[in-house]
Amino acid sequence: MKNQIYQIIESELKTKVDYVRSIGGGCINDAEIISDEKGNSYFLKKNLYSPSDMFFKEANGLNELRKANVIRVPAPILVNEKFLLMEYIRSSSKSKNFDENFGRAFAHLHKFTTNHFGFYEDNYIGSTPQKNISNDEEKNDWTKFYWNNRIMFQFRLLEKAGYADDRMRKLIRNIEDHIDEILAGSENIPSLLHGDLWSGNYIIDDNGEACLIDPAVYYGNREADLAMTKLFGGFSSTFYKSYQEEFPLPVGYEYRENIYKLYHVMNHLNLFGGGYYSQTISLLSFYQR
Ligand code: ADP
């Protein structure tokens, strides 16, 4: 299969692969830098075992982010069930104004909006399916979209996997009863979201600026994207200050932040188990009345 991938690349790009350097795995896939006889370099992600549509969804997400044209995103070049070939981003060290520029660019990304919540296709958050296609009510109402397609979707997976005990069920039911109050004061604007922005999902390009990779794109409330950046840390106070200057958040974001972290923590519990159970319980407990 390995050779077959290079053969496809060579025939599609009408070139010869000269040199391949493995850079090991990301969280999910194997990665390589490929150079061809014309002196071009490409970044190749491959996975012989991933769901067949995973790379197509990633390529579509990258293309959607590129539409906003406010922050660097590698261009997908070839996509197939087993691999995604994209523009290779040469890296360097951070520019002097890296954090400020990144915060501002992220705010500009969120100013890229559409009419409905969701996306034209479902995709993945990590390797978990992420539901973006929704009914008319959810398309127009962020609270309904978020509750049904994010929290309840993950909760059902937790039930199937046997993580949802009585304590968790009770906490979830209580939040369901209060979700309108919890999200009261939120904007109802579908912004373009990266969907999975933690410090491992941006790289630094040769201009010293941020480049987004590995998205779980959809149109949603921008607070969901910001909360994800807070989950594992790695974004500076300058980043948030410049975001806020460019596109101030509505009052109450700090209170709502945990409900947005919850989606990702539930997903981590589904994917990795272990300590994410107690983190899920603690985020759920935050909103108990
Ligand atoms: P995974 O989906 O397996 O988590 P990633 O997309 O995160 O893989 O990529 C793994 C690593 O490869 C990243 O952490 C980054 O260092 C590097 N990388 C990803 N995309 C590119 C690219 N287009 N150009 C150069 N390096 C990249």
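Residues numbered from 1 in each chain as written. Predicted model: local features only at pLDDT ≥ 70, side-chain atom pairs only at ≥ 80, totals over all residues. Heavy atoms only, no water.

Q: Mind laying out the pattern of salt bridges, listing which residues take part and the relevant values?
A: Enumeration according to the criterion identifies 24 salt bridges in this entry. Linking Arg-72 and Asp-206 is a salt bridge whose minimum nitrogen-to-oxygen distance equals 3.4 Å. Taken together, the residues Arg-72 in the loop between helix H2 (54-68) and strand E4 (76-79) and Asp-206 in the loop between strand E9 (202-204) and strand E10 (210-212) connect sequence positions 134 residues apart. Classification of Asp-206 as partly exposed rests on a relative accessible area of 44%. For Lys-111, the salt bridge identified is with Glu-246, shortest N-O distance 3.2 Å. Linking Lys-111 in the loop between helix H3 (98-110) and strand E6 (123-125) with Glu-246 in helix H8 (residues 237-246), this pair joins segments that are 135 residues apart in sequence. Judged by relative accessible area, which is 37%, Lys-111 ranks as partly exposed. (Salt bridge = Lys/Arg side-chain N within 4 Å of Asp/Glu carboxyl O. Helix = DSSP H or I, 4+ residues; strand = E, 2+ residues; numbered from the N terminus. Buried < 20%, exposed > 50% of the residue type's maximum accessible area, 1.4 Å probe, protein only.)

Q: Give a description of the environment of Glu-176 that names residues and reports values.
A: Along the chain, Glu-176 falls in helix H6 (residues 166-182). Counting along the chain gives 147 residues from Glu-176 to Asn-29, while the straight-line C-alpha distance between them is 36 Å. A distance of 3.3 Å separates the side chain of Glu-176 from the side chain of Trp-147, its partner in a polar contact. (Polar contact = N/O pair within 3.5 Å; in protein donor to acceptor, adjacent residues only side chain to side chain.)

Q: Please give an account of the pairing of strand E3 (residues 41-46) that cites residues and values.
A: When a strand is regular, its side chains alternate between the sheet's two faces. Of all six residues in E3, six are buried, a share of seventy percent or more. In E3, alternate side chains face the same way, and those of Ser-41, Phe-43 and Lys-45 on one face and Tyr-42, Leu-44 and Lys-46 on the other are all buried. Bridging between strand E2 (residues 30-36) and E3 involves six bridges; their strand directions are antiparallel. Of the residues in E3, the one forming a bridge with Ile-34 is Tyr-42. (Pairing = 2+ DSSP bridges.)

Q: Tell me about the packing of aromatic side chains, and name the residues and values.
A: This structure, assessed with the given rule, holds 26 aromatic pairs. With a centroid separation of 4.9 Å and an interplanar angle of 70°, the aromatic rings of Tyr-146 and Tyr-260 are classed as edge-to-face. With Tyr-146 in helix H5 (residues 142-161) and Tyr-260 in helix H9 (residues 253-272), the pair connects residues that are 114 residues apart, well separated along the chain. Residue Tyr-146 is classed as buried on the basis of its relative accessible area of 1%. Against the face of Phe-247 rests Arg-222, its NZ or CZ located 3.5 Å from the ring centre. (Phe/Tyr/Trp six-rings, centres within 6.5 Å; stacked < 30°, edge-to-face > 60°. Lys NZ or Arg CZ within 6 Å of the ring centre and 35° of its normal.)

Q: Any chance you could break down the packing of H9 against helix H10 (residues 276-286) for me, citing the residues and the numbers?
A: At a closest axis distance of 9 Å, the pairing of H9 and H10 adopts a crossing angle of 155°. Between H9 and H10, the angle is such that the two are roughly antiparallel. Between H9 and H10 the crossing geometry is left-handed. From H9, Tyr-255, Asn-258, Lys-261, Leu-262, Val-265, Met-266, His-268, Leu-269 and Phe-272 reach across to H10, where they touch Tyr-276, Tyr-277, Gln-279, Thr-280, Leu-283, Leu-284 and Phe-286. Residue classes in the contact of H9 with H10 are distributed as 11 nonpolar, four polar and one charged. (Axes fitted to C-alpha atoms, helices over the stretch in contact; angles between N-to-C directions. Parallel < 35°, antiparallel > 145°, perpendicular 65-115°, else oblique. Left-handed = near helix turned anticlockwise from the far one by under 90°. Contact = heavy atoms within 4.5 Å. Nonpolar A, V, L, I, M, F, W, Y, C, P; charged D, E, K, R; others polar.)

Q: With reference to specific residues and values, describe the domain arrangement of the protein.
A: Domain boundaries in the protein define domain 1 (2-87) and domain 2 (98-285). Each of domain 1 and domain 2 was reduced to a C-alpha centroid, and the two centroids are 26 Å apart. In this complex, domain 1 contributes 20 residues to the contact, which on the side of domain 2 involves 27 residues. Carbon and sulfur atoms make up 69% of the area that domain 1 and domain 2 hide from each other, which totals about 1900 Å². Broken down residue by residue, the surface that domain 1 buries against domain 2 is led by Leu-65, Ile-71 and Arg-72, which jointly contribute 31%. There are three salt bridges connecting domain 1 and domain 2. Close ionic contact of Arg-72 with Asp-205 constitutes a salt bridge, the shortest N to O distance being 3.1 Å. When residues in the side of domain 1 that touches domain 2 are grouped by element, the largest group, 10 residues, is from H2. (Domains from an automatic or database assignment. Buried area = accessible area lost by both parts, 1.4 Å probe.)

Q: I'd love a proper account of empty space enclosed by the protein, names of residues and values included.
A: Tallying each qualifying case throughout the model produces one cavity of 30 Å³ or more. Estimated volume of the largest cavity: approximately 50 Å³. Along its surface, the largest cavity is lined by Tyr-146, Leu-193, Gly-195, Tyr-218, Ala-224, Asp-225, Tyr-260, Tyr-263 and His-264. For the lining of the largest cavity, the elements supplying multiple residues, two or more each, are helix H7 (222-231) and H9. Counting residues per element, the lining of the largest cavity draws most heavily on H9, which supplies three residues. (1 Å grid on protein atoms, 1.4 Å probe; cavity = no way out; pocket = protein on both sides within 12 Å on 5 of 7 lines; lining within 4 Å. Points joined across faces, edges and corners; volume = space filled by probe spheres on them.)

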